[in-house]
Amino acid sequence: MLKTRGQYIWINGSLLLKENFKWELQPLAAYEVLRIKGNIPLFFHEHIERLKTTIEKSGISKHIDYQLYYQAIEQLCSMNGFNEGNVEIIETQQISLVRFIPHRYPTPHDYEKGVKVGYFYAERSNPSAKLKNNRLRRLVDRYLKRKNIYEALLVTSSGYVTEGSRSNVFFIDSDKVITAPESMVLKGITRQIILDLCRKNGIHVEERPILKSEISSFRSAFISGTSPGVLPICSLNRKLFEVNNPVIETIRNLFFDRAGLH
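Residues numbered from 1 in each chain as written. Predicted model: local features only at pLDDT ≥ 70, side-chain atom pairs only at ≥ 80, totals over all residues. Heavy atoms only, no water.

J.: Looking at this structure, I do not really get the pairing of strand β8 (residues 151–155). What am I missing?
T.: Two faces make up the sheet, and in a regular strand the side chains alternate between them. With five of five residues buried, β8 lies mostly within the body of the structure. The alternating pattern of β8 places Glu151, Leu153 and Val155 and Ala152 and Leu154 on opposite faces, both of which are buried. Crossover strand β7 (residues 115–121) to β8 through helix α4 (residues 134–147) is right-handed. Direction of pairing for β8 relative to strand β9 (residues 160–164): antiparallel, over a ladder of two bridges. Bridge assignment links Leu153 to a residue of β9, and that residue is Gly164. Linking two consecutive strands that pair antiparallel, namely β8 and β9, is a turn of four residues; a positive phi of about 90° is found at Gly159 within it. (Buried < 20%, exposed > 50% of the residue type's maximum accessible area, 1.4 Å probe, protein only. Helix = DSSP H or I, 4+ residues; strand = E, 2+ residues; numbered from the N terminus. Right-handed = clockwise from strand over helix to strand, strands pointing away. Pairing = 2+ DSSP bridges.)

The structure is reproduced here in structure tokens:
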């Protein structure tokens, strides 16, 4: 179920009732989505660092104030009466906006049985920068609704599977974790933490381009992201994956411990 967005937003340093603010998204908009748990924004520093990188790469002229963002989130939690959910930060040349947005976290059943995903032929023009692409989002959302699936994995014109439309994807080959290289994907915060946890805990990771034609050879797969965390995939089109994979379970437990989500 999609959760309420709350009554208040934070805009250019002030709290406003959202109904009193009318704004159309600008052509160039950097953004981040953070998960709030117990009034605390998870992995706050990592998200703001990535926002800073996106702003620098996109040419938006803005100064990043970590304390201001943190205070905005605290104020939004207090005024909206929320202590968990997803908060979005948007930066354009003229606007700094922080707001609660709808979220859909996986259910216990999703984590136990896995979720269905499909292919969607598209690629990001600048995967290293987290910029709004409303056209792609609308197309993918219609596709997900039509197919009744959880996520869509993006496939390039060259036949490479890169990432999800709002997630990263990992495949399991025996006890090895395989994922696309940084040059081909958005460097998801959850993705980065998973890679770090794998390397610190002796789980072998291989970052390389992944052809769609080789997906059938993989034993298991999972997606990662702010909302899903570490979520097993049960099927990708007609390909069925083993959900109860010990490597995925280990990674999920390590990540949930790190994020404080148990």
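J.: Can you walk me through the nonpolar core in this structure?
T.: Where a protein is soluble and globular, its nonpolar side chains tend to be buried together. Core analysis: the largest hydrophobic core is formed by 41 residues, its most contacted members being Phe171, Ile215, Ile251 and Phe255. Elements with a contribution of two residues or more to this core: β7, β8, β10 (168–173), β11 (176–179), α5 (189–200), β14 (220–225), β15 (229–236) and α6 (246–259). If we ignore the near neighbours within four places in the chain, the residues touching Ile251 are Val177, Ile194, Cys198, Ile203, Phe222 and Val230. Listed in part, the 20 residues of the second largest apolar core include Trp10, Ala30, Leu34 and Ile73. (Core = buried A, V, L, I, M, F, W, Y, C linked by side-chain atoms within 4.5 Å. Contact = heavy atoms within 4.5 Å.)

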